[in-house]
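So you can see what is in the structure, the chains are spelled out below.
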Amino acid sequence: MAEKSYKYIILGGGVAAGYAAREFVQQGLQAGELAIISKEPAAPYERPALSKAYLFPESPARLPGFHTCVGSGGERQTPQWYSEKGIDLVLDTEVVEASVAQKSLKTASGDVYKYGALIIATGATFIKLSDFGTPGADAKGIYHLREVEDATALYEAIKANPNGNAVCVGGGYIGLELAAVLNMNKMKVTMVYPEPFCMPRLFVSEIAAFYEGYYKEKGIEIVKGTVASGFESNEHGEVKVVKLKDGRELPADIVIVGVGARPNIGLFKDQLTVEKGGFKVDGFFKTSAENVYAVGDVATFPLKLYNELRRVEHVDHARKSAIQAVQTIKAAEAGTSVEEYDYLPYFYSRAFSLSWQFYGDNVGDAVVWGAKGADKVNAKFGAYWVKDGKVMGAFLEGGSADENKALATAARNQVPVSTIKELSNL
Ligand SMILES: Cc1cc2nc3c(=O)[nH]c(=O)nc-3n(C[C@H](O)[C@H](O)[C@H](O)COP(=O)(O)OP(=O)(O)OC[C@H]3O[C@@H](n4cnc5c(N)ncnc54)[C@H](O)[C@@H]3O)c2cc1C
Ligand SMILES: NC(=O)c1ccc[n+]([C@@H]2O[C@H](COP(=O)([O-])OP(=O)(O)OC[C@H]3O[C@@H](n4cnc5c(N)ncnc54)[C@H](O)[C@@H]3O)[C@@H](O)[C@H]2O)c1
Ligand SMILES: O=C1O[C@H]([C@@H](O)CO)C(O)=C1O
């Protein structure tokens, strides 16, 4: 049982950790100053790839291909990169206890790590249907997706069930992205979700109708307005049937559950201020404890633009919050300061040949253009959310890089619109 001490420790080895490490290096880091402790076996990678190219039937993406920071056009930080920079990458290591008072972390094998400054970047974990007590939800063949090991297990299950039946439970990001890759793998896919249309936390019905129509044309069945109420397995404990609350039964060789995520705050929840499910931080990602920062999915931060505290579970914020925390740490050492975080929310998704981006806030009235009858091959349509005569949010399917930039500008500047008609000229 060793005890080690570092000037900086990043707890968690996901997206935020990779970008934080890069920022430390860019700001000037001495060998031996930084350790990253992660329960994953792999160096930080771009998690979005797991629900997309990792599961493609042809030439699937594999590590080391998508280590951070390639997702934003940066350098690919392989394990060798970390050793060259003198960063200790402590993989396959779960921290099971933490003390903010003693500035220490304890791992499952009993090692103790002391830090000068700590960045908590523990991300989130999928919610399971067994968390709600759904009978049979722990059967073999029921998959969740968060880490590369989950994606590998799912990939193998897809290969073992050619032309099999797949059911996606949940109509959010995982449901939509996974239904697409399972269909590309020639599985017979059914999606099930309780809401009247997919991606209800962002879409309005006209936007959803386009994607649902597109998925149906690809041969994906969509069952709305009900939930999975139980699962039946065969004598090997393998799932075979998804039972729905409305009485229907769906055959299944593979089930993907995507019913949301829960931030990993357990280690510190009694030691740091928690709000909206995450660690409450300021515009520099400082938590309620000195020298303890929280970034990415676990941070509840002041969203300056909307003057409210938010937690965001998307990769762009994971990257930028990590950079902001490291810049804050380094500025304090240099006796300077950085600007407060001023984030413009940015979400995106890709499935089949579709690709959408969203900037800002989906509040007020949604004005959708071009969605009805949009071409399925070169789909292009969008939406603006307007509140108090200003554009608050902007969505675009099939946009070019320049167009998406213009969208971001409109949402950032909250462009005033006196008539809805004006929107088509933005
Ligand atoms: C399959 C999938 C696809 C996604 N696709 C997109 C997308 O297309 N676009 C988008 O904007 N967002 C996407 N997201 C969301 C995005 O990936 C997350 O918001 C982002 O990864 C958050 O970064 P993070 O560093 O906070 O957490 P994570 O990347 O989840 O990293 C957390 C790390 O902490 C480790 N950890 C946790 N607890 C401990 C512990 N006690 N001890 C040691 N290590 C620990 C975990 O193992 C993990 O390595 C996707 C998420 C998933 C799961
Ligand atoms: N492109 C992206 O940004 C992207 C892609 C994949 C994953 N992610 C992230 O991964 C995490 C997990 O994604 P997700 O799709 O699971 O969450 P989500 O919040 O996007 O979707 C959850 C969906 O689950 C369904 N649901 C909720 N409770 C249910 C219940 N009891 N029974 C059946 N269905 C129920 C609803 O349809 C809801 O829309 C999130 O943090 C998400 O942001 C993001
Ligand atoms: O941001 C992303 O990073 C990965 C991939 O581009 C890395 O190669 C991916 O699929 C994203 O959406």
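Residues numbered from 1 in each chain as written. Chains lettered and ligands numbered in written order. Predicted model: local features only at pLDDT ≥ 70, side-chain atom pairs only at ≥ 80, totals over all residues. Heavy atoms only, no water.

Rules: UniProt positions are given in the numbering used here, feature names are shortened, and annotations may be inferred rather than shown by experiment.
The chain is annotated in an unreviewed UniProt entry as monodehydroascorbate reductase (NADH) from Marchantia polymorpha. Under the UniProt heading Catalytic activity (unreviewed entry), the entry covering the chain gives this text: "2 monodehydro-L-ascorbate radical + NADH + H(+) = 2 L-ascorbate + NAD(+)".

A look at the domain arrangement of the chain
The following threshold applies: Each domain span listed reflects an automatic or database assignment of domains. Accessible area, probed at 1.4 Å, shrinks when two parts are joined; the buried area is that loss added up over both. Any Lys or Arg side-chain nitrogen found within 4 Å of a carboxyl oxygen on Asp or Glu counts as a salt bridge. A 3.5 Å cut-off defines polar contacts: any pair of N or O atoms within that distance qualifies, except that in protein one atom must be a possible hydrogen donor and the other a possible acceptor, and neighbouring residues in sequence count only when both atoms are side-chain atoms. The way it works is that DSSP assigns letters per residue, a run of H or I at least four long becomes a helix, a run of E at least two long becomes a strand, and they are numbered from the N terminus. Three classes are used: nonpolar for Ala, Val, Leu, Ile, Met, Phe, Trp, Tyr, Cys and Pro, charged for Asp, Glu, Lys and Arg, and polar for all others, with Gly counted as polar.
By domain assignment, the chain separates into domain 1 (3-125 + 262-334), domain 2 (129-259) and domain 3 (353-425). Each of domain 2 and domain 3 has a C-alpha centre, and the two are 29 Å apart. Regarding the contact of domain 2 and domain 3, the summed buried area is about 1,300 Å², with carbon and sulfur atoms giving 74% of it. Across the domain 2-domain 3 interface, the total number found is 0 salt bridges. Scanning the region where domain 2 abuts domain 3 turns up 3 residue pairs in polar contact (both at pLDDT 80 or more). The element contributing the most residues to the side of domain 2 that touches domain 3 is helix α5 (residues 205-217), with 7 residues. Across the side of domain 2 that touches domain 3, the residue classes tally to 9 nonpolar, 1 polar and 3 charged.

Some points on empty space enclosed by the protein
Formally: Grid points spaced at 1 Å and placed over the protein atoms alone form the basis of the search, with a cavity being a set where a 1.4 Å probe fits but cannot get out and a pocket an open set showing protein on both sides within 12 Å along at least five of seven lines. Lining residues have an atom within 4 Å of a point. Grid points are joined across faces, edges and corners, and a volume is the space filled by probe spheres set on the points.
Evaluated as defined, the whole model comprises 1 cavity of 30 Å³ or more. Put simply, the largest cavity is a space of about 90 Å³.

Regarding the site of ligand 2
Short version of the rule: Any residue with a non-hydrogen atom lying within 4 Å of a molecule or strand is treated as near it.
Looking at ligand 2, there are 22 residues lining it, with I174, E195, G260, E313 and Y348 nearest. Backbone polar atom of I174 to an oxygen atom of ligand 2: 2.8 Å apart, as the coordinates give it. Within the backbone of V259, a nitrogen or oxygen atom sits 3.4 Å from an oxygen atom of ligand 2. If you list the elements that add at least two residues to the shell around ligand 2, you get α4 (173-184) and β22 (346-351). Ranked by residues supplied to the shell around ligand 2, first place goes to α4 with 3 residues.

A look at the sheet that holds strand β13 (residues 239-244)
The strands making up a sheet associate through backbone hydrogen bonding, with each pair oriented either parallel or antiparallel. Condition: A pair of strands is treated as paired once DSSP finds two or more bridges between them. Angles here are taken between N-to-C directions and fall from 0 to 180 degrees, while the axes themselves are lines fitted to C-alpha atoms, restricted in helices to the stretch in contact.
The strand order across the open sheet formed by 3 strands is β12-β13-β14, and the pairing between neighbours is antiparallel. Of all strands in the sheet, those with a lone pairing partner are β12 (228-233) and β14 (249-251), marking the two edges. With direction set aside, neighbouring strand axes in the sheet form an average angle of 25°. Bridge analysis of β12 against β13 gives 5 bridges, and the strand direction is antiparallel. Residue A228 lies in a different strand from β13, and its bridge partner there is L244.

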